[in-house]
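Breakdown of the fold
Residues per chain, in single letters:
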Amino acid sequence: SRRHRRAGVVALDKAGRGRLARTHSILRKMVTLHGLLDPRIALLAADLATREEAAWWTELGLELTLVALMVAIGVLLRRRGRAGNRELRDSEQRFQALFEHAVEGIYENPANGGFRRVNPAMARILGYASPTALMKLTPEETARIYLSPTRREEFLALLGDGDRVTNFESEVRRPDGTTAWIEE
């Protein structure tokens, strides 16, 4: 950019102001979107970056300052990302511990049948040695767990009407031939 000097004041030509405005627009979006700085500071920075005349800044000094701010924001975002990843990992570990140690049977199954996830209590209730053994069942074998051949379809129909089913009792058959009552 061409700089014009008048009594110690630096003025940028139109191209220089446009480039600085675009650079600052990016910086302002990063600051606003990620909440890294108080919005008032972002507005002050926007005002300083877009002023036609800035007595105490040179074009180079302003651009270097903006680059330094962008680097600092990048470092802060990376730190926040690491903290967020750590929080997510901790949350997943807490969920896994609750799932594994629950006294009630918990399972997830796809619409076509079978089991996607099963906790140890569910395997125990249904008479299987481990969750893995229960998850190996085919959809047809899973449907035969219910003593009533239509019970699984009734359950799926109720589930299709809403996203939750409560107090749905069924009698199930264990691999050793004994039966148990479950509530889904």
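Here the structure is a predicted model, which means the values were calculated and not measured.

Those residues of helix 7 (residues 151-161) not exposed but buried are Arg151, Arg152 and Phe155. The arc that holds the buried residues of helix 7, viewed along the axis, is 105 degrees, so those residues lie on one side. More than 90 degrees from the buried face of helix 7, the exposed residues found are Gly160 and Asp161. Taken together, the buried residues of helix 7 touch strand 4 (107-108), helix 6 (139-143) and strand 6 (169-173).

To continue, consider unusual backbone geometry. Phi is positive for Asn167, close to 55 degrees, though the residue is something other than glycine. Along the chain, the position of Asn167 falls in the loop between helix 7 and strand 6.

One pass over the full model with this rule turns up two cavities of 30 Å³ or more. Empty space within the second largest cavity amounts to approximately 90 Å³. Lining the second largest cavity, in full, are Tyr107, Asn109, Phe115, Met122, Leu126, Thr142, Ile145, Tyr146, Arg152, Val172, Ile182 and Glu184. Considered class by class, the residues forming the lining of the second largest cavity number eight nonpolar, two polar and two charged.

Further remarks concern the side chain of Arg152. Position of Arg152 among the secondary structure elements: in helix 7. For the buried Arg152, no salt bridge exists, and the shortest N-O distance to an oppositely charged side chain is 6.1 Å, to Glu184. For Arg152, the residues in contact, after removing those within four places along its chain, are Asn109, Pro110, Ala111, Gly113, Ala143 and Tyr146.

Attention shifts here to the pattern of salt bridges. Under the criterion given, the structure shown has two salt bridges. Two residues, Glu108 and Arg116, come together in a salt bridge whose shortest N-O distance is 3.1 Å. Take Glu108: its relative accessible area is 34%, and that puts it in the partly exposed class. For Arg116, a relative accessible area of 47% translates into the label partly exposed. The salt bridge involving Arg151 is made with Glu154; its shortest N-O contact spans 2.6 Å.

Turning our attention to the side chain of Glu184. Mapped onto the elements of the fold, Glu184 is located in the segment after strand 7 (179-183). Side chain to side chain, Glu184 and Tyr146 meet in a polar contact 2.8 Å long. The residues touching Glu184, leaving out its near neighbours within four places in the chain, are Tyr107, Tyr146, Phe155, Val165, Thr166, Asn167, Phe168 and Ser170.

Further remarks concern the pairing of strand 6. Looking along a regular strand, one sees side chains alternate from face to face of the sheet. By the alternation rule, side chains of strand 6 split into Ser170 and Val172, which are all buried, and Glu169, Glu171 and Arg173, of which none is buried. The pairing of strand 6 with strand 7 spans five bridges and is antiparallel. Within the sheet, the bridge partner assigned to Glu171 lies in strand 7 and is Trp181. Between the end of strand 6 and the start of strand 7, which pair antiparallel, lie five residues, with Gly177 showing a positive phi angle near 95 degrees.

Bringing the nonpolar core into the picture now. Grouped together as the largest cluster of nonpolar side chains are 13 residues, with contacts concentrated most on Phe115, Leu126, Tyr128, Leu134, Ile145 and Val172. Those elements that provide at least two residues to this core are helix 4 (120-125) and strand 7. Leaving out residues up to four positions away in the same chain, Val172 has contacts with Leu126, Ile145, Tyr146, Leu147, Thr178, Thr179, Ala180 and Ile182.

What counts, and at which threshold
- Residues numbered from 1 in each chain as written.
- Predicted model: local features only at pLDDT ≥ 70, side-chain atom pairs only at ≥ 80, totals over all residues.
- Heavy atoms only, no water.
- Buried < 20%, exposed > 50% of the residue type's maximum accessible area, 1.4 Å probe, protein only.
- Helix = DSSP H or I, 4+ residues; strand = E, 2+ residues; numbered from the N terminus.
- Arc of directions from axis to C-beta.
- Contact = heavy atoms within 4.5 Å.
- 1 Å grid on protein atoms, 1.4 Å probe; cavity = no way out; pocket = protein on both sides within 12 Å on 5 of 7 lines; lining within 4 Å.
- Points joined across faces, edges and corners; volume = space filled by probe spheres on them.
- Nonpolar A, V, L, I, M, F, W, Y, C, P; charged D, E, K, R; others polar.
- Lys, Arg positive; Asp, Glu negative; His and termini not counted.
- Salt bridge = Lys/Arg side-chain N within 4 Å of Asp/Glu carboxyl O.
- Polar contact = N/O pair within 3.5 Å; in protein donor to acceptor, adjacent residues only side chain to side chain.
- Pairing = 2+ DSSP bridges.
- Core = buried A, V, L, I, M, F, W, Y, C linked by side-chain atoms within 4.5 Å.

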